[in-house]
Amino acid sequence: MKKRGIAVLLAVGSALCLSACVGGFTTEDAQNYVQSALDASYKADFEEYVEQTNSTQEEAEAMFQQNIDNVLAGIGLEEAGVSDELVQQYRDVADDLLGLANYEVTGAEETEDGFAVEVAYEPFVGYDNLNAGLETVLTDIASSMTEVPSDEELNQIIYEEILKLVQQMVDEPSYGEQENFTIHINKDSGNVYTINEDDLVALDLAMFSGE
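What you are looking at is a predicted structure, and each value in this text was computed from that prediction instead of being measured. Here the residue index of a chain counts from 1 through its sequence in written order. Totals for whole chains, interfaces and linings use all residues, but because this is a predicted model, local features are given only for residues with pLDDT of at least 70 and pairs of side-chain atoms are given and counted only at 80 or more. Excluding hydrogens and water, the side-chain values take into account all heavy atoms of the structure.

Q: Please explain the overall build of the protein chain as it appears in this structure.
A: Comment: elements are numbered from the N terminus, with helices defined as DSSP H or I runs of at least four residues and strands as E runs of at least two. Looking only at helices and strands, the protein chain has nine helices and four strands in total. Reading the helices (α) and strands (β) of the protein chain from amino to carboxyl end gives α-α-α-α-α-α-β-β-α-α-β-β-α. The buried share of the protein chain, taken over its 211 residues, is 41%. For the accessible areas, the method is Shrake-Rupley and the probe is 1.4 Å, while residue cover comes only from the protein chains on display. Taken as a whole, the protein chain presents about 10,900 Å² of accessible surface, with 44% of it coming from carbon and sulfur. Three labels apply to residues, based on accessible area from a 1.4 Å probe with only protein chains included: buried if under 20% of the type maximum, exposed if over 50%, partly exposed otherwise in between.

Written out as structure tokens, the structure reads:
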């Protein structure tokens, strides 16, 4: 499996970016908007986000679940033919991985196009050695096999071992030094404010980049 195929389990590509209220937007509103969007994306905390965007709880929850679906699709579980039980285990751990995001909105300033919001974050580095660990485990398993498994059986073994390693990272998370990132909020001609989606994805990759 390619490194990105493994690491995508931790790169969720935040999708919660409904537009915020029109008019009267302040730097404090901008900070609250970004904080609430991140909390909804990673912590499944939707209350403030629903208020900020005039959306519904159901809409926010649906987008959060879509994030999980994107994670599972990205690592190719369906194509691998693994068991339904293992797919569910990955869905559960994806929830936990999202919750490992470590961030805090620290400030904002108005710009010509809207607002620039500063976010301090600590990158999750718990899986920097994931590929090496997986290679070691699979080498040990292969050496003890007495017959060649089918492709489906082999995929089941590989994804089971990945899950074990990921669960260890969830149980004992580790982070790098704090860094800063700017998320832009864009204002359209109707004075509707929307978080820049590319910034959300870039922050996500920065928080879960790996080596």
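Q: Hey, could you run me through the pairing of strand β3 (residues 179-187) in this one?
A: Working note: regular strand, side chains alternate between the two faces of the sheet. Two strands qualify as a pair provided DSSP detects at least 2 bridges between them. The sheet contact formed by strand β2 (residues 114-121) and β3 spans eight bridges and is antiparallel. Considered in β3, the bridge of F115 is made with I185. Strand direction decides the pairing type here: β3 and strand β4 (residues 193-195), joined by three bridges, are antiparallel. Counted as the bridge partner of K187 is Y193 from β4. Where β3 folds back onto β4 in an antiparallel hairpin, the turn is made up of five residues, including N191, whose phi is positive at roughly 60°.

Q: Explanation requested: the nonpolar core in the structure shown.
A: Within soluble globular proteins, side chains that are nonpolar tend to cluster in buried spots. Side-chain atoms within 4.5 Å link the members of a nonpolar core, which is a set of buried Ala, Val, Leu, Ile, Met, Phe, Trp, Tyr and Cys residues. Counting 57 residues, the largest nonpolar core has V34, Y90 and I185 as the members making the most contacts within it. Of the residues forming this core, the biggest block, eight residues, is contributed by helix α8 (residues 151-171). We call two residues contacting when some pair of their heavy atoms lies within 4.5 Å. Excluding residues within four positions of it along the chain, V34 makes contact with V105, V117, V119, I183, I185 and I195.

Q: Sorry if this is basic, but what is going on with unusual backbone geometry here?
A: Both trends apply: most residues other than glycine have a negative phi, and most peptide bonds are in trans. At A44, a residue that is not glycine, the phi angle is positive and equals roughly 55°. You can see A44 is positioned in the loop between α2 (27-42) and α3 (47-53).

Q: Is there a simple way to think about helix α9 (residues 197-207) in this case?
A: Spacing of three or four residues puts side chains on the same side of an α-helix, whose turn is 3.6 residues. For α9, every residue scored as buried is listed here: D199, L200, L203, D204, A206 and M207. Along α9, the residues classed as buried sweep out an arc of 160° about the axis, all on the same side. Residues of α9 that are buried in the fold lie against α2, β1 (103-110), β2, β3 and β4. Polar contact criterion, stated in full: a pair of N or O atoms within 3.5 Å, where within protein one must be able to donate a hydrogen and the other to accept it, and residues adjacent in sequence count only if both atoms are side-chain atoms. Put simply, N196 is the residue that caps the front of α9, since its side-chain oxygen is 2.9 Å from the backbone nitrogen of D198. It is the directions from the helix axis to the C-beta atoms that the arc portrays.

Q: Looking at this structure, I do not really get the packing of aromatic side chains. What am I missing?
A: Note on aromatic pairs: each is described by the distance of the centres and the angle between the planes. Any Phe, Tyr or Trp ring, taking Trp's six-membered ring, that has another such ring centre within 6.5 Å forms a pair; planes under 30 degrees apart are called stacked, those over 60 apart edge-to-face, and the others tilted. Within the structure shown, the criterion is met by 10 aromatic pairs. Residues F25 and F115 carry aromatic rings whose centres are separated by 5.6 Å and whose planes lie at 65° to one another, so their mutual orientation is edge-to-face. You can see F25 sitting in the loop between α1 (3-7) and α2 and its partner F115 sitting in strand β2, a full 90 residues away along the chain. Here F25 and F115 have matching classes, each one buried.

Q: What should I look at first to understand the sheet that holds β1 in this one?
A: Strands belonging to one sheet form pairs held by backbone hydrogen bonds; the direction of such a pair is parallel or antiparallel. With antiparallel pairing, four strands are arranged side by side in an open sheet as β1-β2-β3-β4. With one partner strand each, in any of the chains shown, β1 and β4 form the two edges of the open sheet. Pairwise comparison of adjacent strand axes, ignoring direction, gives a mean angle of 30° for this sheet. Along the sheet face, α2 touches β1, β2, β3 and β4 and points at about 150° away from the line of β1. Its contacts with the sheet put α9 on β1, β2, β3 and β4, and the angle it makes with β3 is roughly 165°. Where helices are involved, their axes are fitted lines through C-alpha atoms of the stretch in contact, as for all axes, and angles between N-to-C directions lie from 0 to 180°.

Q: Help me understand the confidence of the model for the protein chain in this model?
A: The predicted structure's coordinates, where accompanied by low pLDDT, should not be read in detail. Confidence of the predictor at the level of single residues is captured by pLDDT, which takes values from 0 to 100. Per-residue pLDDT for the protein chain has a mean of 82; in total, 88% of the residues score no lower than 70. The model gives residues 1-15 a pLDDT under 50, and that stretch makes 44 contacts with residues more than four places away or in other chains.

Q: I tried to follow the packing of helix α7 (residues 130-144) against α8 on my own but got confused; where do I start?
A: To describe two helices that pack against each other, one gives the angle between their axes and the distance between the axes. α8 packs onto α7 with a crossing angle of 135° between their chain directions and a minimal axis gap of 10 Å. Considered as vectors, α7 and α8 are oriented oblique to each other. Where α7 crosses over α8, the handedness of that crossing is right-handed. Residues L130, G133, L134, V137, L138 and I141 of α7 lie in contact with α8, whose contacting residues are I157, I158, E161, I162, L165 and M169. When residue character is reported, Ala, Val, Leu, Ile, Met, Phe, Trp, Tyr, Cys and Pro are called nonpolar, Asp, Glu, Lys and Arg charged, and the others, Gly included, polar. Classifying every residue of the contact of α7 with α8 by side-chain character gives 10 nonpolar, one polar and one charged. Oblique is the label for any angle not covered by the other classes, which are roughly parallel (under 35 degrees), roughly antiparallel (over 145) and roughly perpendicular (65 to 115). Each crossing gets its hand from how the near helix is turned against the far one by less than a right angle, where anticlockwise is left-handed and clockwise is right-handed.

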